[in-house]
Amino acid sequence: MTETNAARLYERIRADEELTKTLFRQALQDPKGTINTILALGQDWDLPVTEAAVKEHLASLDDDTKQWLIKARGGL
């Protein structure tokens, strides 16, 4: 299966501990803003994604990330 831009973007974000923490804090306060930040990072890193692709990828994860997203989200 070919890795999607959303998966590549997720892995790149996850590899940067400080960025991951920043996005987590933002998600607690501004879930829609977090999506917009993720979409902008995708553009900046030549990994364009849609909001739907990001949400679909996050929903497919089978790890602890999903649990904090479920708790933190309002719009994620």
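Residues numbered from 1 in each chain as written. Predicted model: local features only at pLDDT ≥ 70, side-chain atom pairs only at ≥ 80, totals over all residues. Heavy atoms only, no water.

A. Geometry of the pattern of salt bridges. Inspection of the entire model under this criterion finds five salt bridges. In this structure, the salt-bridge partner of glutamate 18 is arginine 25, at a minimum N-O distance of 3.7 Å. The residue lysine 32 makes a salt bridge to glutamate 51 at a minimum N-O spacing of 2.7 Å. Residue lysine 32 is found in helix H3 (residues 31–44), and its partner glutamate 51 is found in helix H4 (residues 51–60); the two are separated by 19 residues along the sequence. Owing to a relative accessible area of 40%, lysine 32 belongs among the partly exposed residues under this scheme. (Salt bridge = Lys/Arg side-chain N within 4 Å of Asp/Glu carboxyl O. Helix = DSSP H or I, 4+ residues; strand = E, 2+ residues; numbered from the N terminus. Buried < 20%, exposed > 50% of the residue type's maximum accessible area, 1.4 Å probe, protein only.)

B. Representation of the nonpolar core within the structure. Ranked by internal contacts, the top residues of the largest apolar core, which has 15 residues, are Leu9, Ile13, Leu23, Ile38, Leu41, Val49 and Val54. Broken down by secondary-structure element, the contributors of at least two residues to this core are helix H1 (5–15), helix H2 (17–29), H3 and H4. With near-sequence residues (within four places) excluded, leucine 9 lies in contact with Ile38, Leu41, Gly42, Trp45, Leu47 and Val49. (Core = buried A, V, L, I, M, F, W, Y, C linked by side-chain atoms within 4.5 Å. Contact = heavy atoms within 4.5 Å.)

C. Fine view of H2. The end-to-end C-alpha separation of H2 is 19 Å, in line with the 18 Å expected for 13 residues at 1.5 Å each. Here H2 has its buried residues at Leu19, Leu23 and Ala27. Burial along H2 is one-sided: seen end-on, the buried residues are contained in an arc of 75 degrees. Seen from the buried face of H2, the exposed residues on the opposite side, beyond 90 degrees, are Glu17 and Gln29. The N-terminus of H2 is capped by aspartate 16, whose side-chain oxygen sits 3.2 Å from the backbone nitrogen of glutamate 18. (Expected span 1.5 Å × (residues − 1). Arc of directions from axis to C-beta. Polar contact = N/O pair within 3.5 Å; in protein donor to acceptor, adjacent residues only side chain to side chain.)

D. Looking closely at the packing of aromatic side chains. The tally for this structure, following the rule as stated, stands at zero aromatic pairs. The ring of tryptophan 45 is capped by arginine 12, whose NZ or CZ atom sits 4.0 Å from the centre of that ring. (Phe/Tyr/Trp six-rings, centres within 6.5 Å; stacked < 30°, edge-to-face > 60°. Lys NZ or Arg CZ within 6 Å of the ring centre and 35° of its normal.)

E. Expanded view of unusual backbone geometry. One non-glycine residue, aspartate 46, adopts positive backbone phi at about 60 degrees. Among the secondary structure elements, aspartate 46 is positioned in the loop between H3 and H4. Judged by its relative accessible area of 65%, aspartate 46 falls in the exposed class.

Shape descriptors only; they carry no functional weight alone.
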